[in-house]
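# Observations on the model geometry
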Amino acid sequence: MTPTVSIIIPTYNRVHIIDKALNSIIDQTYSNWECIVVDDGSTDDSLNLLEQFHKKDQRISYYKRERAPKGAPTCRNIGLEHAHGDYVIFLDSDDYLMPFCLQQRVDQIQNHQDHDLLVFPMGMKGYGKVTKKEIEPSDSYLIDFLSFKLAWSIMCPIWKRSFLKILNGYTEGYPRFNDPELMIRALIQDEVKFKVCHDLDYDTVYVPAKMDKKIYKDKVYKSLQLFIPDICKTLDDHKKSDHKKHLLNYLLLWFKSFYLPLKTSRLKESLDLIKLFRKQGVLSFSKSLKLKYNLLGYSFYNYFFQRFKNRLRRKTFYN
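Residues numbered from 1 in each chain as written. Predicted model: local features only at pLDDT ≥ 70, side-chain atom pairs only at ≥ 80, totals over all residues. Heavy atoms only, no water.

## Focus: the overall build of the chain
Short version of the rule: The secondary structure listing takes helices from DSSP runs of H or I that are at least 4 residues long and strands from runs of E that are at least 2 residues long, numbered from the N terminus. Categorising residues by exposure relies on relative accessible area from a 1.4 Å probe, with only protein chains included: less than 20% of the type maximum marks a residue as buried, more than 50% marks it as exposed, and the intermediate range marks it as partly exposed. Any pair of residues with heavy atoms lying within 4.5 Å of one another is described as a contacting pair. Residue exposure ignores everything except the shown protein chains as possible cover, and the areas themselves are Shrake-Rupley values with a 1.4 Å probe. Charged residues are defined narrowly, with Lys and Arg counted positive, Asp and Glu counted negative, and His plus the chain ends left uncounted. Every charge is mapped to an atom, namely NZ of Lys, CZ of Arg, CG of Asp or CD of Glu.
A count of helical and extended segments in the chain gives eleven helices and eleven strands. Judged by the C-alpha coordinates and their principal axes, the chain covers about 80 × 50 × 40 Å. Taking all 319 residues of the chain together, 46% fall into the buried category. Taking contacts inside the chain between residues at least 6 apart in sequence as the whole, the part at least 24 apart equals 78%. Accessible area of the chain: about 16900 Å², with a carbon and sulfur share of 53%. Put simply, the chain has 50 plus and 38 minus side-chain charges, and the middle of one group is 12 Å from the middle of the other.

## Considerations on the sheet that holds strand 9 (residues 157-160)
Applicable threshold: In this analysis, strands are considered paired if DSSP registers two or more bridges between them. As a rule, the C-alpha atoms of each element are fitted with a line to give its axis, helices using only the stretch in contact, and angles between N-to-C directions run from 0 to 180 degrees.
If you trace the seven strands from one edge of the open sheet to the other, you get 3-2-1-4-9-6-10, paired in mixed fashion. Sheet topology places strand 3 (60-64) and strand 10 (194-196) at the edges, where each strand pairs with a single neighbour. Going across the sheet, the axis of each strand differs from the next one's by a mean of 20°, ignoring polarity. Alignment of strand 4 (residues 87-90) against strand 9, held across two bridges, turns out to be antiparallel. Bridge assignment links valine 88 to a residue of strand 9, and that residue is tryptophan 159. Packed on one face of the sheet, helix 1 (residues 18-26) meets strand 1 (5-11), strand 2 (33-39) and strand 3 and runs near 165° to strand 2. Set on the sheet, helix 3 (residues 72-82) makes contact with strand 1, strand 2, strand 3 and strand 4; between it and strand 2 the angle comes to about 140°.

## What to know about the pairing of strand 7 (residues 122-126)
Successive side chains on a regular strand alternate, one facing one side of the sheet and the next facing the other. Bridge count for strand 7 against strand 8 (residues 129-133) is five bridges, and the pairing is antiparallel. For glycine 123, the partnering residue across the bridge sits in strand 8 and is lysine 132. Hairpin geometry of strand 7 and strand 8 is characterised by an intervening segment of two residues between the two adjacent antiparallel strands and by a positive phi of about 55° at tyrosine 127. Relative to strand 11 (residues 204-206), strand 7 is paired through two bridges, and the arrangement is parallel. Its bridge partner lying in strand 11, glycine 123 is registered against valine 205.

## Digging into the packing of aromatic side chains
Describing an aromatic ring pair means giving the distance of the ring centres and the angle of the ring planes. Which entries qualify depends on this criterion: Each Phe, Tyr or Trp ring (for Trp, its six-membered ring) is paired with any other whose centre lies within 6.5 Å, and the angle between the two planes then decides the class: stacked below 30 degrees, edge-to-face above 60, tilted in between.
If you walk through the whole model with that rule in mind, you get twelve aromatic pairs. The interplanar angle of 55° and the centroid separation of 5.0 Å between the aromatic rings of tyrosine 141 and tryptophan 152 together place this pair among those described as tilted. On the criterion of sequence distance, the pair formed by tyrosine 141 in helix 5 (residues 141-146) and tryptophan 152 in the loop between helix 5 and strand 9 is long-range, its members being eleven residues apart. The class for tryptophan 152 is buried, based on a relative accessible area of 7%. Each ring, one from tryptophan 159 and one from phenylalanine 163, has its centre 6.3 Å from the other, and the planes form 20°; the classification is stacked. Given the relative accessible area of 2%, tryptophan 159 is considered buried.

## Here's the deal with the packing of helix 7 (residues 178-187) against helix 8 (residues 213-237)
Test applied: An angle below 35 degrees is treated as roughly parallel, one above 145 as roughly antiparallel, one from 65 to 115 as roughly perpendicular, and anything else as oblique. Basically, the charged four are Asp, Glu, Lys and Arg, the nonpolar ten are Ala, Val, Leu, Ile, Met, Phe, Trp, Tyr, Cys and Pro, and anything else, Gly included, counts as polar.
It is the contact of helix 7 with helix 8, at a shortest axis distance of 11 Å, that shows an interaxial angle of 5°. By the angle between their directions, the pair helix 7 and helix 8 is classed as roughly parallel. Contacts between helix 7 and helix 8 involve Glu181, Ile184 and Arg185 from the first element and Phe227, Ile231 and Thr234 from the second. Taken together, the residues of the contact of helix 7 with helix 8 sort by class into three nonpolar, one polar and two charged.

## Topic: the sheet that holds strand 11
The sheet built from four strands is open, its strands ordered 5-11-7-8 with mixed pairing. At either end of the open sheet lies a strand with only one pairing partner, and these are strand 5 (96-97) and strand 8.

## What about the nonpolar core?
Soluble globular proteins: nonpolar side chains tend toward being buried together. What counts here: By nonpolar core we mean a set of buried residues, namely Ala, Val, Leu, Ile, Met, Phe, Trp, Tyr and Cys, connected to one another through side-chain atoms within 4.5 Å.
If you look at the biggest cluster of nonpolar residues, it comprises 86 residues, and the most contacted ones within it are Ile9, Leu102, Trp152, Trp159, Phe227, Ile228 and Leu247. The element that contributes the greatest number of residues to this core is helix 8, accounting for eight residues.

## Structural notes on helix 9 (residues 248-257)
Applicable threshold: As used here, the arc belongs to the directions running from the helix axis to the C-beta atoms.
If you check which residues of helix 9 are buried, you get Tyr250, Leu251, Leu253 and Trp254. Axial view of helix 9: buried residues confined to an arc of 150°, hence all on one face.

## Observations regarding the pattern of salt bridges
Under the convention used in this document: The term salt bridge refers to a pairing of a side-chain nitrogen on Lys or Arg with a carboxyl oxygen on Asp or Glu at a separation within 4 Å.
Evaluated as defined, the whole model comprises 18 salt bridges. Among the salt bridges present, the one from glutamate 134 reaches lysine 132, with a minimum N-O distance of 3.6 Å. Note on lysine 132: relative accessible area 28%, which makes it partly exposed. For glutamate 269, the salt bridge is made with lysine 217, and the minimal N-O distance between the two is 3.1 Å. Of this pair, glutamate 269 sits in helix 10 (residues 264-279) while lysine 217 sits in helix 8, and the two are 52 residues apart along the sequence. Residue glutamate 269 shares its accessibility class with lysine 217, and that shared class is buried. A cluster of three or more residues bridged by salt bridges with shared partners is formed by Lys214, Lys217, Asp218 and Glu269.

This is the structure:
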């Protein structure tokens with residue numbers, strides 16, 4: 001008996017691009033699939049386009065998100081509620097599948113029917129070409145995801161739907177980090193069985209999307225405030241509190257990518273995050289003090305240095 005695969009796609013104002021994702025599903029060499037699209041309140045012509053695709057292929061259905069909170073995790077959970085497949089793939093609306101994707105994954109499933117998920121390489125589009133993103137072997141993918149070393153992306157796994165039900169799907173309300181949060185909860189399960197298919201061809205393609213830096217920063221800040229307490233509780237519940245130290249890389253991500261010392265709001269946000277990591281047991285008291293000391297020193301140094309630099313740039317300074 002050939003398994004049914006459910007492909008779940010959240011979408012929001014993607015009328016200009018989602019057709020590529022949907023056509024890539026229609027073009028699959030494996031035919032026993034259903035595609036469930038969940039719209040997150042689009043204000044463009046997305047619903048009309050989805051209706052056209054539904055008429056073109058009845059295996060494609062779509063729903064509107066009619067409950068809070070807004071966001072892709074909620075839409076994915078709604079899709080999961082409507083899914084009937086034995087297995088599930090999550091796909092973003094700006095990415096797409098290679099024509100052999102489902103067939104390759106089902107072929108592997110036949111040999112690993114006792115596994116909860118299988119993971120496949122993806123391709124990354126950039127500079128007009130697609131290159132394979134290798135999945136590096138690891139002694140512990142759980143520690144990798146805890147350390148913000150994200151070994152694979154959302155479309156890479158194919159999940160047993162029954163296993164996703166046990167996990168209760170995605171944690172809703174996260175603007176970011178919903179994928180690593182789900183993977184951590186999956187990999188921390190005592191009896192989880194999974195396989196990473198390192199040597200196979202990439203069968204999905206990730207298309208990087210542009211995002212406003214300030215909006216992205218705000219999403220990361222809000223997500224860290226939700227993600228860190230949730231993951232720390234998960235670690236405590238599974239008696240892996242000693243793994244909390246690996247979460248420091250998420251704080252490092254903030255300082256490397258988003259902290260600007262001349263922005264006072266960023267200084268407050270950074271101090272709040274240090275407090276959060278300390279409260280959750282990720283940072284020791286002494287390390288949190290040292291980090292605050294270094295942060296404040298760096299901030300004041302840059303503030304005064306910027307003042308002197310601005311003076312040198314002013315013509316009036318030389319009058």
